[in-house]
Every structure is written in C-alpha cells, then in structure tokens.
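Working through the structure, step by step
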Amino acid sequence: MNWDDAPHEDGPDGSAGPAGSYGPDLGASDGAEDRLVGASAGDEDQAVEAALRPKSLHEFVGQERVREQLDLVLTAARARGATADHVLLSGAPGLGKTTLSMIIAAEMQAPIRITSGPAIQHAGDLAAILSSLQEGEVLFLDEIHRMSRPAEEMLYMAMEDFRVDVIVGKGPGATAIPLELPPFTLVGATTRAGLLPPPLRDRFGFTAHMEFYDPAELERVIHRSAQLLDVEIEADGAVEIAGRSRGTPRIANRLLRRVRDYAQVKADGVITQEVAAVALGVYEVDGRGLDRLDRAVLQALLKLFGGGPVGLSTLAVAVGEERETVEEVAEPFLVREGLLARTPRGRVATPAAWAHLGLTPPAHAPGAGGQQGLFGA
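Presented here is an overview of the structure given in this document. (Residues numbered from 1 in each chain as written. Predicted model: local features only at pLDDT ≥ 70, side-chain atom pairs only at ≥ 80, totals over all residues. Heavy atoms only, no water.)

It is characteristic of soluble globular proteins that their nonpolar side chains tend to be buried jointly. Formed by 48 residues in total, the largest nonpolar core has its most connected members in L70, L100, I222, I233, I241 and I271. Take this core: its biggest share by element is seven residues, from helix 9 (residues 249–266). Core analysis: the next-biggest nonpolar cluster, separate from the first, contains 24 residues, A127, L130, I144 and L181 among them. (Core = buried A, V, L, I, M, F, W, Y, C linked by side-chain atoms within 4.5 Å. Buried < 20%, exposed > 50% of the residue type's maximum accessible area, 1.4 Å probe, protein only. Helix = DSSP H or I, 4+ residues; strand = E, 2+ residues; numbered from the N terminus.)

Below you can see the structure in the form of structure tokens.
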C-alpha cells in the first residue's frame, strides 16, 4: 500500500494508521464548492469561461508541449482528410481540458457534442449518443473514468471499429444487432487517469497530461482575460494575481473578477499591485494562494499538535470540518506546495509551513534542528 495515498484513521495516541479505503470519487463537502480558490467550475465560472475561452491552438496560453503535439495530430488528420485520432486529456480541474476539446472541434471544422461520464449510467445512454453522431463529429466525454462499466465496454468497440452491438430482447431470446457508426473523434477528459482501465486507455491515439501553469503563463492568461473583460490592469497587478492563483487559469480568472470588483468600488478601476494585494486580502487569499481553510489546517497542525504527526480525523475535528473536506480539498494543494506531508503515522508539517505562518518550530518538530528530512534522515 502506498501510504501517501492511503486514508488514515486516528489511533489511540492520536497518530494515524490504515483504515479501509474510500471510493474512487469521494467528493468534498458542499461548503468547499464555494471556495474562491477552488478549481471546480461554478455556474458563474462556466458562463464567464465561455466568453474567455480561446478559439484556436494559437490563442491557447500554456501547455506548450501538449499544444505542439496536438497541432501535429490535427494538422496531419486534416491533410489526410480523415477524422483525428481519439484524444485523452488528463490533469487537475481548471487547466483547460474542456477548452482544448472545443479547440479540437474548431481546428477540425467539426461540430462538438458534450457529455460526461456520470451522465452515462447505462449502455443504452451511450448507444443513443453514438448513433446520433455526424461524420467527423467530436464527442467530448468529461470525467470519463466515472462512466458505468457496461457503457465503457460498449465504447471499446465504438472507438476501434466504429460499431456498436445493440441488444434487443432479454434472456435466451436476446439478439445483438450491429449498428455502424460514422467516423468520429472521442475526446476524453479525466482528473484521475489511473482509474481508467488499460483497454480504454490503449484505444486513445493521443494522450496528454495537463500540467499546472507557472506564474509567467498565468500572467499572460490574466492580461488576455482583462482585455476581453475590458479591465485595465498593470503588469505588477497581474503578477500579484498570478502568484496567488495556484497554477490554475480558472482560479486566476476568478481572482481577476473579484479584484476587478474591488477596483471599481474602492479604487479608480485600475488594477495595480497594491489594489490586487488589498482586494485578495479582503477575500482571505494570501500571497501563496492559501485561503481560510488551508491556513486553518496549518494553524491547527502547528499550534495544537506541534507540527504533527496527527491523524486525519483528529485534524479535521480541530479545524471544524469533515475529514473528507480536509483530505480532498485542502491537503492536495498543501502537499503540492511542500507545506504538509502525509506519513505512515499521520499528517506532518514541513519547515516551510512554519516559515509561511511566521512561527518558530520547536526543537522536536520534523525538519527542525538541522534535520535533513521528516524523519531525521
């Protein structure tokens, strides 16, 4: 078992030990959906993103390697007069998977059909969608790893042979009627590529993993969005917002809109570094992109438990949140930023966490006193 990924339960001494496993798609609590720095798209985000989305690979910012590879795939398909290979896009929410799917359709001058894995619970649901596709159409299947197993098995044949077998009747009298499909391009998107079965992954002709953006790329995203939103922003204002955007364009655009509101009400409408810093302070997003929940987790870990180790359930109780919220919403970013570590004994704060909150670690804290690792190695 990989302890970094395993859930933990509190032991008698407040440390953590293994305890069962969660389902593959355990969600966070409803309160986490409203976080300003959350990567999930709300109704407002979806409406704004539709206006801000680039329409071509040339306009798309970031993901240089993915754009270059995808451009070769699409250009070659157009030259052959054929449909493009099936494409699998993986990566965290908010990095541009849906946008790239729409760009693929635009580059191939084809219509696009959008659906999601959770919406396809039966093979018949998928058969209805596939049978209505036009030749060359792009089918975007978001969260493809959450599709039902019967539909998934039907998709194998559809992707490879452009054919599905529709079962008519039940029991011994059931008959399979083959249904020919026009050539189409499936674009699958997933936040958990490891949950896709190998037979499905192998049927994609092109697979790409979306990386988090660096601050310079986010600055370009912010300047482009500001221009489309008719917002005046200075270079240092974009730098300030980019540094707090967690490497995610969706979060950058959301922070930009909130800073725009502040600038219109409290300033002269121009986003400067000072205006951006004060505005994001009002919304409790600090210079590293941590919000109230992130800081609450770190403060509890440092002040109440001396930096750990501490079990997940105990930490969640101290913060006043559900353990799923702490594990699924707060921890991933804290771990990625090197502020928190998961160990066999529980959650442990790193020296960077003490420094970020301006606290002095005690001598026994992990990483203190010149230790080279969390365990003094």
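Taking 1.5 Å per residue as the helical rise, helix 11 (residues 292–304) with its 13 residues ought to reach 18 Å, and the 17 Å between its terminal C-alpha atoms agrees with that figure. Listed in full, the buried residues belonging to helix 11 are L293, D294, R295, A296, V297, L298, A300, L301 and L302. Those residues of helix 11 that are buried lie in contact with helix 12 (312–319), helix 13 (323–336), strand 12 (340–343), strand 13 (346–349) and helix 14 (351–356). (Expected span 1.5 Å × (residues − 1). Contact = heavy atoms within 4.5 Å.)

On to the side chain of R53, then. If you trace the backbone, R53 turns up in the loop between helix 1 (43–52) and helix 2 (64–80). A distance of 3.0 Å separates the side chain of R53 from the side chain of T99, its partner in a polar contact. The residues contacting R53, other than those within four sequence positions of it, are T98, T99, M102 and R224. (Polar contact = N/O pair within 3.5 Å; in protein donor to acceptor, adjacent residues only side chain to side chain.)

To continue, consider the sheet that holds strand 9 (residues 206–209). In spatial order, the strands read 4-5-8-3-9; together these five strands make up an open sheet with parallel pairing. Two strands close off the open sheet at either side, each with one partner strand: strand 4 (112–116) and strand 9. Averaged over all neighbouring strand pairs, the angle between strand axes comes to 15°, with direction disregarded. In this sheet, strand 8 (residues 185–190) lies alongside strand 3 (residues 87–90) in parallel orientation, the contact comprising four bridges. Note on strand 8: the bridge partner recorded for L88 is G188. (Pairing = 2+ DSSP bridges. Axes fitted to C-alpha atoms, helices over the stretch in contact; angles between N-to-C directions.)

At their nearest, the axes of helix 7 (residues 215–228) and helix 8 (residues 235–242) sit 9 Å apart, and the two run at 120° to each other. One element, helix 7, and the other, helix 8, form an angle in the oblique class. Read as a crossing pair, helix 7 and helix 8 show a hand that is right-handed. Residues P215, L218, E219, I222 and H223 of helix 7 touch helix 8, and the partners they reach there are A235, A238, V239, I241 and A242. For the contact of helix 7 with helix 8, the residue count by class is eight nonpolar, one polar and one charged. (Parallel < 35°, antiparallel > 145°, perpendicular 65-115°, else oblique. Left-handed = near helix turned anticlockwise from the far one by under 90°. Nonpolar A, V, L, I, M, F, W, Y, C, P; charged D, E, K, R; others polar.)

On to the pattern of salt bridges. According to the stated counting rule, one finds 18 salt bridges in the structure shown. In this structure, E64 engages R67 in a salt bridge whose closest nitrogen and oxygen atoms are separated by 2.5 Å. Here E64 pairs with R67, and both are found in helix 2, just three residues apart, close to one helical turn. Look at E64 and you get partly exposed, because its relative accessible area is 40%. Close ionic contact of R260 with D261 constitutes a salt bridge, the shortest N to O distance being 3.5 Å. Counted as one network, the salt bridges with shared partners bring together E327, E331, R342 and R347. (Salt bridge = Lys/Arg side-chain N within 4 Å of Asp/Glu carboxyl O.)

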